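Each chain, written out:
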Amino acid sequence: MPRYDYLLFDADHTLFDFDQAEERALRRTLLDCGYPDSAETVELYHLVNRFLWHRFDLGELPREVLVVERFAILDRVLGGQHDPEALNRRYLEHLAEGSDLLPGAEDLCRALAPHCILAIVTNGLAAAQRGRFARSPLSSLIPWLFISEEVGYQKPEAEFFRCVLSEMGISDPSRAVVIGDNLFSDIQGGINAGLDTIWYHPQGDDPTSGILPTHTVSSYQALLEYLLTP
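To start, this report covers the structure provided alongside it. (Residues numbered from 1 in each chain as written. Predicted model: local features only at pLDDT ≥ 70, side-chain atom pairs only at ≥ 80, totals over all residues. Heavy atoms only, no water.)

Here's the deal with unusual backbone geometry
The general pattern is negative phi for most residues beyond glycine and trans for most peptide bonds. The amide bond that connects Lys-155 to the next residue, Pro-156, takes the cis arrangement and shows omega of 15 degrees. Phi is positive for His-13, which is not a glycine, with a value near 70 degrees. Locating His-13 in the fold gives a position in the loop between strand S1 (6-9) and helix H1 (18-32). (Helix = DSSP H or I, 4+ residues; strand = E, 2+ residues; numbered from the N terminus.)

Below is the structure:
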């Protein structure tokens, strides 16, 4: 008997290689618009994007403002006159093509699927996440995909996870666990909803934020062994 019946996986940096998909999509968008896809330009975008997503996680910035503002700032700095909404649409089209998985993620899910019900819980943008998920081999292994934009709440809000539990028909929250790489959105979110949490943290160091997961693993193998050990 597995330790949990329901596994609520974060998507990016937990199962999906978002960095690779993001890099490819961004460079294609820059070239489409006549901007250099130099390391400096890419790093500028990352700085702006990380700052805005942090404000989103804190509830300070609406998603619809974030996705446009990141390209508005980038365009202003680069001296362009592009429509930031059009830039964002083009970027999301490219990003939706990026179904790259982290090494070992497919094997992990194939090993778990016969024993547990798997779901993905993500704050990512629906326009990109649904395309990436559909193109990946995980679409045949994971029957549930919950995107905060569609749910109406975002991680780490407890309401997001409560909606997930309700939709999946989970009557006993102790049989479900949240698995993710982000201490704030994934682990604190699970804690807020009264769920057990597993911090997937390949770097292996201890959390310094005061957010304490139920369990921490640094590899898929360790995760697999923990989940399938009663």
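Past the structure itself, the notes keep going.
Concerning the packing of helix H5 (residues 105-112) against helix H10 (residues 220-227)
Following both chains from N to C, one finds H5 and H10 inclined at 10 degrees, their axes separated by 10 Å at the closest point. When the interaxial angle is binned, H5 and H10 end up roughly parallel. Touching Ala-105, Leu-108, Ala-111 and Leu-112 of H5 are Tyr-220, Leu-223, Leu-224 and Leu-227, all from H10. Split by residue class, the contact of H5 with H10 holds 8 nonpolar, no polar and no charged. (Axes fitted to C-alpha atoms, helices over the stretch in contact; angles between N-to-C directions. Parallel < 35°, antiparallel > 145°, perpendicular 65-115°, else oblique. Contact = heavy atoms within 4.5 Å. Nonpolar A, V, L, I, M, F, W, Y, C, P; charged D, E, K, R; others polar.)

Let's talk about the packing of aromatic side chains
Summed over all chains, the structure comprises 7 aromatic pairs. Relative to Phe-146, the ring of Trp-144 lies with its centre 5.7 Å away and its plane at 5 degrees, an arrangement referred to as stacked. The interplanar angle of 10 degrees and the centroid separation of 5.0 Å between the aromatic rings of Tyr-200 and Tyr-220 together place this pair among those described as stacked. Residue Tyr-200 is found in strand S5 (residues 196-200), and its partner Tyr-220 is found in helix H10; the two are separated by 20 residues along the sequence. We note that Tyr-200, like Tyr-220, is buried. These aromatic residues form a ring-pair network of at least three members: Tyr-45, Phe-71 and Tyr-91. For Arg-3, the ring lying beneath its charged end belongs to Tyr-226, and the centroid distance is 4.0 Å. (Phe/Tyr/Trp six-rings, centres within 6.5 Å; stacked < 30°, edge-to-face > 60°. Buried < 20%, exposed > 50% of the residue type's maximum accessible area, 1.4 Å probe, protein only. Lys NZ or Arg CZ within 6 Å of the ring centre and 35° of its normal.)

Regarding H10
What H10 keeps buried is the set Tyr-220, Leu-223, Leu-224, Tyr-226 and Leu-227. Across the axial projection of H10, the buried residues extend over an arc of 165 degrees, all falling on one side. Against the buried residues of H10 lie S1, H5, strand S4 (176-180), S5 and strand S6 (215-217). (Arc of directions from axis to C-beta.)

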